[in-house]
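# Residue-level structural notes
Take a look at the letters that make up each chain.
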There are 4 protein chains.
Amino acid sequence: MNNNQAWLLADQEINSRLLIGSALYPSPDIMRQAIQASGSQVVTVSIRRQNPGDQSGQAFWQIIQSLGCHILPNTAGCRNAKEAITTAHMAREIFGTNWIKLEVIGDDYTLQPDPFDLVKAAQALIEDGFEVFPYASDDLVLCQKLVDVGCRIVMPWASPIGSGKGIMNPYNMELIRQRLPNTTLIVDAGIGKPSHAAQALEMGFDGVLLNSAVALADDPVKMATAFKQAMEAGRLGFEAGTMPQREFASASTPTLGTPFWHQD
Amino acid sequence: MNNNQAWLLADQEINSRLLIGSALYPSPDIMRQAIQASGSQVVTVSIRRQNPGDQSGQAFWQIIQSLGCHILPNTAGCRNAKEAITTAHMAREIFGTNWIKLEVIGDDYTLQPDPFDLVKAAQALIEDGFEVFPYASDDLVLCQKLVDVGCRIVMPWASPIGSGKGIMNPYNMELIRQRLPNTTLIVDAGIGKPSHAAQALEMGFDGVLLNSAVALADDPVKMATAFKQAMEAGRLGFEAGTMPQREFASASTPTLGTPFWHQD
Amino acid sequence: MNNNQAWLLADQEINSRLLIGSALYPSPDIMRQAIQASGSQVVTVSIRRQNPGDQSGQAFWQIIQSLGCHILPNTAGCRNAKEAITTAHMAREIFGTNWIKLEVIGDDYTLQPDPFDLVKAAQALIEDGFEVFPYASDDLVLCQKLVDVGCRIVMPWASPIGSGKGIMNPYNMELIRQRLPNTTLIVDAGIGKPSHAAQALEMGFDGVLLNSAVALADDPVKMATAFKQAMEAGRLGFEAGTMPQREFASASTPTLGTPFWHQD
Amino acid sequence: MNNNQAWLLADQEINSRLLIGSALYPSPDIMRQAIQASGSQVVTVSIRRQNPGDQSGQAFWQIIQSLGCHILPNTAGCRNAKEAITTAHMAREIFGTNWIKLEVIGDDYTLQPDPFDLVKAAQALIEDGFEVFPYASDDLVLCQKLVDVGCRIVMPWASPIGSGKGIMNPYNMELIRQRLPNTTLIVDAGIGKPSHAAQALEMGFDGVLLNSAVALADDPVKMATAFKQAMEAGRLGFEAGTMPQREFASASTPTLGTPFWHQD
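Values in this document were obtained by computation on a predicted structure and should not be read as measured data.

Throughout the structure, instances matching the rule amount to 52 salt bridges over all chains. A salt bridge links Lys101(A) to Glu103(A); the nearest nitrogen and oxygen atoms lie 3.4 Å apart. Considered together, Lys101(A) and Glu103(A) belong to a single accessibility category, that of buried residues. Of the charged contacts in the structure, one is a salt bridge between Lys145(A) and Asp114(C), with a shortest N-O distance of 3.3 Å. On the criterion of chain membership, the pair formed by Lys145(A) in helix H5 (residues 140-148) and Asp114(C) in the loop between strand E6 (99-102) and helix H4 (115-127) is interchain, its members lying in two chains. For Lys145(A), a relative accessible area of 22% translates into the label partly exposed. Residues joined in a network through salt bridges with shared partners are Asp11(A), Glu131(A) and Arg152(A).

Let us now look at the UniProt feature "binding site: 1-deoxy-D-xylulose 5-phosphate" (unreviewed entry) in chain A. Residue and element names in this part refer to chain A. Those places that UniProt annotates as "binding site: 1-deoxy-D-xylulose 5-phosphate" (unreviewed entry) correspond, in this numbering, to Gly162, Ala189, Gly190, Asn211 and Ser212. Over a stretch of 51 residues, the named residues converge on one spot in the fold, their C-alpha atoms separated by at most 9.4 Å. Here Ala189 shows up in the loop between strand E9 (184-188) and helix H7 (194-202). Using a relative accessible area of 9% as the deciding quantity, one classes Ala189 as buried. Residue contacts for Ala189: discarding those within four places in its chain leaves Tyr135, Trp157, Ala158, Ser159, Ile161 and Leu209. Assignment of secondary structure puts Asn211 in the loop between strand E10 (207-210) and helix H8 (212-215).

All names here are of chain C. Burial along strand E10 (residues 207-210) is two-sided: Gly207 and Leu209 and Val208 and Leu210, pointing in opposite directions, are all buried. Inspection of the sheet shows strand E3 (residues 18-21) paired to E10 by 3 bridges, in the parallel sense. Bridged to Ile20 within E10 is Leu210. Bridge count for strand E9 (residues 184-188) against E10 is 3 bridges, and the pairing is parallel. Note on E10: the bridge partner recorded for Asp188 is Leu209. Running through helix H7 (residues 194-202), the crossover from E9 to the neighbouring parallel element E10 is right-handed.

Attention shifts here to the packing of helix H7 (residues 194-202) of chain B against helix H9 (residues 220-240) of chain B. Residues and elements named next belong to chain B. Running from N to C, H7 and H9 point in directions that differ by 25 degrees, and their axes come no closer than 7 Å. It follows from the interaxial angle that H7 and H9 lie roughly parallel. The handedness of the crossing between H7 and H9 is right-handed. Touching Pro194, Ala197, Ala198, Leu201 and Glu202 of H7 are Met223, Ala226, Phe227, Ala230, Met231, Gly234, Arg235 and Phe238, all from H9. For the contact of H7 with H9, the residue count by class is 10 nonpolar, 1 polar and 2 charged.

To continue, consider the nonpolar core. Residues Val208(B) and Val208(D) are the most contacted members of the largest nonpolar core, which totals 156 residues. For Val208(B), the residues in contact, after removing those within four places along its chain, are Arg17(B), Leu18(B), Leu19(B), Ile186(B), Val187(B), Ile191(B), Ala197(B), Ala200(B), Leu201(B) and Met231(B). Grouped together as the second largest cluster of nonpolar side chains are 155 residues, Ala91(A), Ala189(A), Val104(C) and Ala213(C) included.

You can see Leu140(C) is positioned in helix H5 (residues 140-148). Residues in contact with Leu140(C), not counting those within four places in the same chain, are Asp107(A), Gln112(A), Leu175(C), Ile176(C) and Arg179(C).

Let us look at the environment of Ile85(A). Residues and elements named next belong to chain A. Counting through the fold element by element, Ile85 comes out in helix H3 (residues 81-95). C-alpha separation for the pair Ile85 and Thr75, spaced 10 residues apart in sequence, amounts to 8.4 Å. For Ile85, the contacting residues outside a window of four places in its chain are Ala121, Ala124 and Leu125.

Our focus in this paragraph is the packing of aromatic side chains. This model, assessed by the stated rule, comprises 10 aromatic pairs over all chains. Where Trp61(B) meets Phe95(B), the ring centres are 5.1 Å apart and the plane angle is 70 degrees; that geometry is what we call edge-to-face. Residue Trp61(B) is located in helix H2 (residues 55-66), and its partner Phe95(B) is located in helix H3 (residues 81-95); the two are separated by 34 residues in the primary sequence. The ring of Phe130(C) has Arg92(C) sitting right over it, with the charged end atom 3.9 Å from the ring centre.

For any two helices packed against each other, one specifies the inter-axial angle together with the distance between the axes. Axis separation between helix H9 (residues 220-240) of chain C and helix H9 (residues 220-240) of chain D bottoms out at 7 Å; the angle between their running directions is 155 degrees. Regarding the angle of H9(C) to H9(D), the classification is roughly antiparallel. For the pair H9(C) and H9(D), the sense of crossing is left-handed. Contacts between H9(C) and H9(D) involve Lys222(C), Met223(C), Thr225(C), Ala226(C), Gln229(C), Ala230(C), Glu232(C), Ala233(C), Leu236(C), Gly237(C), Glu239(C) and Ala240(C) from the former and Lys222(D), Met223(D), Thr225(D), Ala226(D), Gln229(D), Ala230(D), Glu232(D), Ala233(D), Leu236(D), Gly237(D), Glu239(D) and Ala240(D) from the latter.

Each value, and the rule that gives it
- Residues numbered from 1 in each chain as written.
- Chains lettered and ligands numbered in written order.
- Predicted model: local features only at pLDDT ≥ 70, side-chain atom pairs only at ≥ 80, totals over all residues.
- Heavy atoms only, no water.
- Salt bridge = Lys/Arg side-chain N within 4 Å of Asp/Glu carboxyl O.
- Buried < 20%, exposed > 50% of the residue type's maximum accessible area, 1.4 Å probe, protein only.
- Helix = DSSP H or I, 4+ residues; strand = E, 2+ residues; numbered from the N terminus.
- UniProt positions renumbered as here; feature names shortened; annotations may be inferred.
- Contact = heavy atoms within 4.5 Å.
- Pairing = 2+ DSSP bridges.
- Right-handed = clockwise from strand over helix to strand, strands pointing away.
- Axes fitted to C-alpha atoms, helices over the stretch in contact; angles between N-to-C directions.
- Parallel < 35°, antiparallel > 145°, perpendicular 65-115°, else oblique.
- Left-handed = near helix turned anticlockwise from the far one by under 90°.
- Nonpolar A, V, L, I, M, F, W, Y, C, P; charged D, E, K, R; others polar.
- Core = buried A, V, L, I, M, F, W, Y, C linked by side-chain atoms within 4.5 Å.
- Phe/Tyr/Trp six-rings, centres within 6.5 Å; stacked < 30°, edge-to-face > 60°.
- Lys NZ or Arg CZ within 6 Å of the ring centre and 35° of its normal.

Here's what the structure looks like:
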């Protein structure tokens with residue numbers, strides 16, 4: 001049972017708010033099981049060089065296709081707008097989708113985005129008819145700029161790719177959510193635990209994209225189930241309206257003058 | 001569907017790891033629906049003064065009984081060992097259970113436990129045959145002392161009752177879990193959001209006890225469902241073994257010399 | 001007495017690592033006293049419109065001149081590269097210095113920088129012979145880009161201007177320090193307390209620029225002295241090499257087999 | 001120059017708010033220099049066994065005496081009230097002071113206090129005429145209890161001894177300060193950096209006791225100077241009244257309709 005309502009991602013009706021990567025799994029079969037267990041309907045795949053004759057590539061592709069998910073190709077490893085644009089075009093041809101997760105890496109160590117070439121590439125790709133999912137830092141001005149050039153979806157990071165640190169700067173993230181109410185916002189990169197994913201949705205983000213947290217878990221399939229649950233928990237928590245946080249404690253139990261039993 | 005295995009709480013087989021309070025709900029009926037939605041099988045109830053003839057008490061009690069849950073009476077509002085011991089005995093008689101959530105309040109403002117009278121009362125009640133669930137602070141030495149006097153269950157707080165601040169001191173909490181591997185540890189008080197509950201279980205705690213986070217949500221029934229999911233997510237995440245957190249980012253995608261597609 | 005060594009800021013020998021603003025003080029005389037108490041030798045001043053005949057401007061200017069500090073004009077309030085460049089040229093003419101604190105605001109609410117026009121303006125001003133002090137976010141790629149276009153000094157924010165929140169994202173800040181070892185790095189904006197300033201210097205930052213934390217204190221002159229001390233403390237702490245932080249406690253006292261007294 | 005006013009510690013007029021330990025220094029001479037540089041007038045010393053004939057003990061003692069500081073003997077390593085009381089009596093005889101830093105260790109790993117025997121020992125020692133400086137956890141109820149049995153001074157920890165983690169739970173610490181306005185409160189244990197010490201004083205604590213942070217620094221003498229400055233900075237910051245922290249940024253510069261120059 002899924003407790004969440006369907007939502008629209010780039011005009012597609014989607015039941016899950018989790019977007020999941022296809023790298024780093026112990027085996028293709030575990031990848032397949034994990035993606036299924038996650039409930040995700042959007043799978044990112046990477047293309048650095050077209051290599052249609054590669055046998056392992058064929059096998060991988062058959063698994064991906066068998067899952068019946070939306071494919072979200074990415075431009076992982078691209079270091080400038082030109083590379084990313086070229087890669088995006090190749091991906092569109094190979095995968096037959098105009099969706100592209102746009103990564104333009106600005107630093108080889110943290111793998112954080114280069115805001116300059118990211119915006120440039122996003123603009124060019126939107127003009128070319130792509131549905132761009134830009135991987136951004138948690139900088140409101142950058143996110144706003146991506147919206148200004150036509151992005152309907154923006155994906156700020158929680159923390160560096162593969163760090164598993166969760167949301168490093170909640171202030172920035174809350175601000176982005178608050179200031180871009182009409183943009184589909186997906187937290188991408190840095191999610192390490194189910195509670196991180198739940199927290200992102202409780203803050204009102206529309207989705208979460210992750211890979212390492214599932215693929216590198218001791219038991220990726222079980223972890224995928226954990227994230228499925230956490231996503232539903234976080235979204236329901238957001239919809240249910242969390243209690244106000246109070247600076248100082250107050251008794252949750254009215255202890256005087258209240259009816260019998262009505263105390264805790 | 002419940003993705004979690006049953007576990008033993010004080011020798012009782014329980015499916016849910018959530019213990020839930022029965023105070024502060026907008027109405028008895030919303031309480032009933034919320035407790036059902038939470039999946040919890042253990043409900044705390046409060047008795048300050050015996051008042052069997054009170055009509056509202058009777059109605060409340062019928063609802064509680066109809067839920068088929070284990071009753072965990074508490075000693076909320078007691079300020080010293082003597083009061084708490086007396087209340088516990090009253091509760092055992094009224095509710096027909098030897099379970100008691102032992103609260104001995106040391107400060108009227110934060111409602112934090114008095115470690116001194118808590119240990120004293122715990123010892124006395126264990127000698128009297130009670131199964132004591134002591135509400136403690138996140139002090140390892142206090143928790144150890146409670147184990148030393150015979151508690152099989154210890155319930156350290158996350159933060160002050162009703163504050164919704166979540167786990168204030170993760171260092172202390174991790175230490176308690178690590179050092180008391182054979183004790184049933186339940187995080188009690190301060191949980192405000194589903195992600196807080198998931199975090200507690202990811203740290204290896206056996207359960208979570210909460211009340212305000214559900215009862216004071218805008219939609220308590222939906223929030224109860226959110227917590228049900230978050231508990232399952234957190235437990236599965238713990239069992240699945242979370243990825244190691246890394247201080248600096250590493251690419252999750254091997255981009256050179258790897259088979260086609262196997263990149264993200 | 002100043003316990004710190006002199007350092008070079010844009011080829012000028014400077015004794016203090018504090019750069020201080022000249023806005024928001026209760027009165028011009030308190031401003032004068034506070035700046036003197038702070039020990040700062042660099043004072044930021046703002047020019048939005050040239051207005052040489054304004055009487056209050058004249059009085060302010062005489063105070064600033066009497067302090068014998070380096071003047072660091074800023075481009076506060078500019079919203080794009082063109083405005084900032086024009087303002088910088090005006091400032092150079094009026095104040096007779098090629099130093100410019102470059103602010104290009106990307107968001108009216110948080111007053112955070114616009115990375116795009118910031119880099120553009122920095123490049124243009126450096127070509128025009130300015131010594132640019134760019135006010136940046138804590139984004140490594142942006143800071144690197146500013147260095148690439150010729151900045152010898154970069155000023156990442158701690159948190160939003162006037163928020164007093166201190167360093168919001170220590171991970172980002174440590175990374176910037178580590179990766180730009182040859183750049184003069186000054187933490188600008190968001191410092192609220194002396195301990196925040198000390199922390200920035202302990203992390204190896206070369207200086208701190210602040211305004212509100214002193215000007216809006218209950219006693220600005222005393223607070224200026226506090227920051228003077230905190231800056232010296234932080235720098236000395238950095239130079240003295242802080243002890244390694246340990247995940248779990250170890251006794252600081254060797255209690256067995258050690259000479260008498262040598263225990264604590 | 002010392003910018004701080006003298007204060008009363010157990011009826012003694014003291015200029016510095018830093019209390020410093022005498023263990024773990026690279027050499028007795030570096031200890032001497034560091035303590036002098038710290039400006040501290042209160043030095044803790046440890047006695048586990050009386051050993052007056054020990055030569056190294058004699059040399060150490062001569063150095064300590066030459067510093068002209070108040071001696072604060074401690075009961076480091078004691079694991080119950082009886083040991084601590086015995087050690088305190090020995091210390092009073094040897095050092096000729098009724099001051100005692102009361103440590104009763106409840107856990108060999110974290111070296112955190114045992115609240116139960118701590119209160120018991122404090123009460124007994126106060127009845128015996130000691131001025132007790134109890135090393136406590138950051139538990140308000142424990143601190144209050146120590147006051148109730150007669151302590152005029154209470155020393156809650158920041159974090160485990162030797163961890164250098166700083167103030168782990170600011171909420172608890174602020175609460176203790178707020179609720180015990182008439183008690184001399186000294187932060188003891190866990191301070192690792194000058195900024196941590198400044199933060200403690202900004203919160204209104206009366207003093208800081210530390211040892212490892214200076215003794216284990218690469219340059220203990222320089223670090224001692226850093227802490228001297230940080231203590232003064234923190235106290236002045238507290239007295240000067242820090243600006244309110246604001247959730248969202250506001251421009252520190254009024255940019256419209258304001259007099260020329262009066263903008264930053």
